Amino acid sequence: MVGLVKKPDFGISEATNFREAVSAVENYWMSNPDHIKGDDWVDALGGDLQHQFINGLYVRMVNMPAGMVVTTKIHKVRHPFFVMTGKCRVMTEEGVVDIVAPYQGVTEPGTKRLIHVLEDCVWYTVHATDKTTPEEVEEEVIAKDFTELETKETK
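As a starting point, this report considers the structure included with it. (Residues numbered from 1 in each chain as written. Predicted model: local features only at pLDDT ≥ 70, side-chain atom pairs only at ≥ 80, totals over all residues. Heavy atoms only, no water.)

Re the overall build of the chain
Each helix and strand in the chain was counted, giving four helices and nine strands. Ordering the α and β elements of the chain from the N terminus gives α-α-β-β-β-β-β-β-β-β-α-β-α. The buried share among the 155 residues of the chain stands at 35%. Of the roughly 9,600 Å² that the chain leaves accessible, carbon and sulfur atoms contribute 53%. (Helix = DSSP H or I, 4+ residues; strand = E, 2+ residues; numbered from the N terminus. Buried < 20%, exposed > 50% of the residue type's maximum accessible area, 1.4 Å probe, protein only. Areas by Shrake-Rupley, 256 points an atom, 1.4 Å probe, with all protein chains shown as cover.)

Next comes the structure, spelled out in structure tokens:
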């Protein structure tokens with residue numbers, strides 16, 4: 001059972017920018033010994049995560065339970081996403097939006113999200129790739145940090 005964590009003494013609006021703010025949130029979470037890292041939330045919170053490889057496409061499906069708050073990794077490749085069921089509030093550098101299924105969007109390079117799942121959500125992402133494992137795809141499409149993107153953009 002995952003315990004509740006004391007509310008941090010800072011807010012997103014107090015940070016100078018979204019990247020700093022979301023990093024502060026993640027650092028706060030990681031300082032808690034009960035913090036769930038990576039895809040371990042699937043078992044801990046009763047979610048679901050599936051990977052499919054079909055004709056040069058990687059399809060990732062996550063089923064996130066209501067009440068979950070999560071940050072995503074930093075995307076370095078433009079790709080489509082689909083929210084098939086549910087509702088969530090999503091914060092990015094662009095601002096805050098409520099996504100209500102059915103919904104289709106495009107993730108731009110540099111995107112990192114803070115997501116509050118308001119109703120159980122089924123969220124799909126799709127990537128064109130010749131890779132054959134989720135780990136290989138992640139290496140190809142996920143930045144380790146924002147400086148990796150800045151280095152790529154200046155080349």
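After that view of the structure, there is still more to cover.
Remarks on the environment of Pro109
With respect to the helices and strands, Pro109 occurs in the loop between strand S7 (103-107) and strand S8 (114-128). Once the C-alpha coordinates of Pro109 and Ala143 are considered, the two residues, 34 residues apart in sequence, prove to be 9.4 Å apart. Apart from residues lying up to four places away in sequence, Pro109 is in contact with His75, Lys76, Val77 and Arg78. (Contact = heavy atoms within 4.5 Å.)

Considerations on the packing of aromatic side chains
For any pair of aromatic rings, the description rests on two quantities: the centre-to-centre distance and the angle between the ring planes. All chains considered together, the criterion is met by three aromatic pairs. Considering the side-chain rings of Phe81 and Trp123, the 4.9 Å spacing of their centres and the 15 degrees angle between planes classify their relative orientation as stacked. Placement of Phe81 in strand S5 (residues 79-92) and of Trp123 in strand S8 is noted, with a sequence separation of 42 residues between them. Residues Phe81 and Trp123 agree in their burial class; the two are buried. (Phe/Tyr/Trp six-rings, centres within 6.5 Å; stacked < 30°, edge-to-face > 60°.)

Some points on the pattern of salt bridges
With the rule as written, the count across this model stands at nine salt bridges. Here Asp39 and Arg60 are joined by a salt bridge, their closest N and O atoms 3.3 Å apart. Taken as a pair, Asp39 in the loop between helix H1 (18-30) and helix H2 (41-45) and Arg60 in strand S2 (residues 57-64) lie far apart in primary sequence, 21 residues in all. Two residues, Glu148 and Lys76, come together in a salt bridge whose shortest N-O distance is 2.9 Å. Of this pair, Glu148 sits in helix H4 (residues 146-154) while Lys76 sits in the loop between strand S4 (74-75) and S5; the two residues are 72 residues apart in sequence, bridging distant segments of the chain. (Salt bridge = Lys/Arg side-chain N within 4 Å of Asp/Glu carboxyl O.)

Quick notes on the environment of Gly67
Structurally, Gly67 is set in the loop between S2 and strand S3 (69-71). Not counting chain neighbours up to four residues away, the residues in contact with Gly67 comprise His116 and Val117.

Description of the nonpolar core
Residues Met64, Cys88, Ile99, Ile115 and Trp123 are the most contacted members of the largest nonpolar core, which totals 16 residues. For this core, the secondary-structure elements that each account for two or more residues are H2, S2, S5 and S8. Residue contacts for Trp123: discarding those within four places in its chain leaves Arg60, Met61, Val62, Met64, Phe81, Phe82, Val83, Cys88, Val90, Ile99, Arg113 and Ile115. (Core = buried A, V, L, I, M, F, W, Y, C linked by side-chain atoms within 4.5 Å.)

Observations regarding H1
For H1, spanning 13 residues, the distance from its first C-alpha to its last is 18 Å, which sits close to the expected 18 Å at 1.5 Å a residue. Three or more residues of H1 are buried, namely Phe18, Ala21, Val22, Val25 and Glu26. Looking down the long axis of H1, one finds its buried residues gathered within 135 degrees of arc, a one-sided arrangement. Where H1 is buried, its residues contact S3, S5 and S8. Two to three positions downstream of the cap, the backbone nitrogen of Arg19 sits 3.0 Å from a side-chain oxygen, assigning the N-cap of H1 to Asn17. (Expected span 1.5 Å × (residues − 1). Arc of directions from axis to C-beta. Polar contact = N/O pair within 3.5 Å; in protein donor to acceptor, adjacent residues only side chain to side chain.)

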